[in-house]
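Structural features, examined
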Amino acid sequence: MLERVRQDIGGLRQLTATSKRHWTSGRRIRREFLAAQAAGRKITLDDFGPPVPRPEGDEPVADLAPKTGLRPRKSHLMKLEAYPSTDYAFEYNNPPVSGNHINGLGEAEHRVAAPIFHTWKFGHPMGKLEFLFQGIRTRGEWVALLKRQWNTRRFTGEKASVQIPVDDAAEMTTTIKALTMDLGACMVGIAPLTDDMLTEELPLDYPFIISFGVEMDRDAALEAPSERAALTIQAEYRGTDRISAQVAQHIRDMGWDAEAAIHGFLQIPAAVEAGLGQLGKHGSMISKELGSMYRLGAVATNLPLVLDQPEDIGVDDFCAICSVCTTNCPPQAIFDTKQMIRGRERWYVDFDTCIPYFVENHGCGICIGVCPWSEPGRGEGFSLKMMARRAKLAARDEP
Ligand code: SF4
Ligand code: SF4
C-alpha cells in the first residue's frame, strides 16, 4: 500500500514537470515554429533550449537535409493525398554531431548503444530537435503524453517480501504469457537479456526479457503523418506501458524482481530473440501475422522462464528485392543495403535524414504503413514463398 502511494506521488511529480515544461519553455518554440511554418520561413534551432555539445575533433557533423536520388513514390495504401513536404520550418546555424555517429554507423566493434532520441535530455547533441519535438505537441498530444507518463509510475518498485517458489518454469511461462495476452498483447515471447538490447542509460541486469507486441490501428497508421495518427500512436504506446507495468508489478508481487523495460531499452533485438518477427529494411519489426503493425513492450525479470527462439520467416530475402519503403520515405532515409552498426550488420535507417522529417510532422511511420507485409493476410504467403525460393536457390547451387 505504502509502495503504491510512493509510486503515485512520483507519477504526479513527473506529470507536473512535463506540464510546466510544456507551458513555459515549450511555448515559445511552438509559437515561433508554427508562425514560421505558416509563413514559409525557418526558425533557427540554435536559439532554443539549452546549449548542446559541439562536435569535437574528427566527429562528423549531422547532415539533416533530405536526400535526393530515388524516384519518390506515394503508395496508394496511404490515405493522405500527398506526403508532407521535406522543406522544414527549422534549420541549424551550427549542426550537432551526427546521430549516425552516435548510433555507431560503420563501427566494426560491438558496444552498448548510446541514448539517441526521446531522451528528454535537451543538452544531448540531438537535444534541440528533441526540444522542438516536445515543444510543438498539440494540446491533444500533450494530454496523451501525460496519460502515457502516468503509467510509468509502476515501471519499478519493491517486490513482496515472501517469494513464491517456481518449481516448473514451463508452467510459469505459460501463466505469464497468458497474463500478458489477457492484458492486451497480441504476441509474447521470452528472450535472454543481452547487451544488444541495452543502452548506456539503462544497464539492466536480469536473465530474461518478456517481449510482447500490441496490435496497431491500421486505419490510423495509414493516415500518418497526421494528428490522428500521432494520437493513436500515443494510445498504442500507452497500452504497451500499461501492460509492461502490470506484468512487472504482478511478478514483483510474487517476490521476484521485475521492471518494465521501455525507455532506453532497444525493443527490436529483444523481440527478434523472442521470436516475434524479424527486422525489416525500414528499421521496424515484421511478423507473418501483422507485418509491421505492432508496437513493442518488454519486462525484464529474474522469474524462472523458458526461452523462445528467433524465427527466420524470410524477411531478409524479401527486403533484398523490395524497395517500397525506400521509395516512399519522403526524405529518403532508408539504406537499401545492410550497414555495420556497432559490430552487427543489419538494416539501418539514416537517423540524420529521418529525424528532421519525423520531428517536423509530429512523428511519421509511412515506411511501416506501405510495407507489403503490413497488408492483412499477406505475410504468411510471403514467408512461404521466400522459404520455397531459398530452398530452390540452395538446390540449384548444390554441386
Ligand atoms: S517495404 Fe519492402 S523493403 Fe521495406 S521493410 Fe517492407 S518488405 Fe522490406
Ligand atoms: S519514419 Fe520511415 S518513412 Fe518516415 S522519415 Fe523515417 S524512415 Fe522515412
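Every value quoted in this text rests on a predicted model; they were computed, and no experiment measured them.

**Focus on the site of ligand 2**
Surveying the vicinity of ligand 2 reveals 13 residues, the closest of which are C329, C354, C364, I366 and C367. Counting only elements with at least two residues in the shell around ligand 2, the list comes to α12 (351–360) and α13 (366–370). A per-element tally of the shell around ligand 2 places α12 first, with three residues. Each residue belonging to the shell around ligand 2 can be placed in one class, and the counts come to 11 nonpolar, two polar and no charged.

**Describing unusual backbone geometry**
The omega angle of the peptide bond from A224 to P225 is -5°, so this bond is cis rather than trans. Relative to the elements of secondary structure, P225 occurs in the loop between α7 (218–221) and α8 (227–253). Positive phi, close to 55°, is recorded for H118, a residue that is not glycine. Tracing the backbone shows H118 in the loop between α3 (99–103) and α4 (127–135). The phi torsion at W120 lies on the positive side, around 60°, for a residue other than glycine. With respect to the element layout, W120 can be found in the loop between α3 and α4. Classification of W120 by C-beta neighbours within 10 Å gives partly exposed; the count is 15.

**Details of the environment of I321**
Mapped onto the elements of the fold, I321 is located in the loop between α10 (315–320) and α11 (324–328). Judged by C-beta crowding, with 8 C-beta atoms within 10 Å, I321 ranks as exposed. A sequence separation of 11 residues divides I321 from Q332, and the C-alpha atoms of the two residues are 17 Å apart.

**Some points on helix α5 (residues 139–151)**
Between its first and last C-alpha, α5 extends 19 Å over 13 residues, near the 18 Å set by a 1.5 Å rise per residue. By the burial criterion, the buried members of α5 are A144, R148 and N151. Angularly, the buried residues of α5 cover 45° about the axis, an arc narrow enough to put them on a single face. The secondary structure elements touched by the buried residues of α5 are α8.

**Observations regarding the site of ligand 1**
Neighbouring ligand 1 are the residues G280, K281, H282, F318, C319, C322, V324, C325, C371, P372 and W373. The set of elements that each furnish at least two residues to the shell around ligand 1 consists of α10 and α11. Partitioned by chemical class, the residues of the shell around ligand 1 number eight nonpolar, two polar and one charged.

**Some words on the sheet that holds strand β3 (residues 187–192)**
Taken together, four strands build an open sheet; the order of strands is β3-β4-β8-β5 and the sheet is antiparallel. Taken across any chain shown, the strands that pair with only one partner, and hence form the sheet edges, are β3 and β5 (258–260). Put simply, the sheet's adjacent strands are angled 25° from each other on average, direction ignored. Bridge analysis of β5 against strand β8 (residues 294–301) gives three bridges, and the strand direction is antiparallel. Bridging from a neighbouring strand, A260 pairs with V299 of β8. The strands touched by helix α6 (residues 169–182) within the sheet are β3 and β4 (208–215), with β3 carrying the most contacts at an inclination of about 135°. Along the sheet face, α8 touches β4, β5 and β8 and points at about 20° away from the line of β8.

Reading the values: rules and limits
- Residues numbered from 1 in each chain as written.
- Chains lettered and ligands numbered in written order.
- Predicted model: local features only at pLDDT ≥ 70, side-chain atom pairs only at ≥ 80, totals over all residues.
- Near = placed C-beta within 6 Å.
- Helix = DSSP H or I, 4+ residues; strand = E, 2+ residues; numbered from the N terminus.
- Nonpolar A, V, L, I, M, F, W, Y, C, P; charged D, E, K, R; others polar.
- Buried ≥ 20, exposed ≤ 12 C-beta atoms within 10 Å, placed from the backbone.
- Expected span 1.5 Å × (residues − 1).
- Arc of directions from axis to C-beta.
- Contact = placed C-beta atoms within 7 Å.
- Pairing = 2+ DSSP bridges.
- Axes fitted to C-alpha atoms, helices over the stretch in contact; angles between N-to-C directions.

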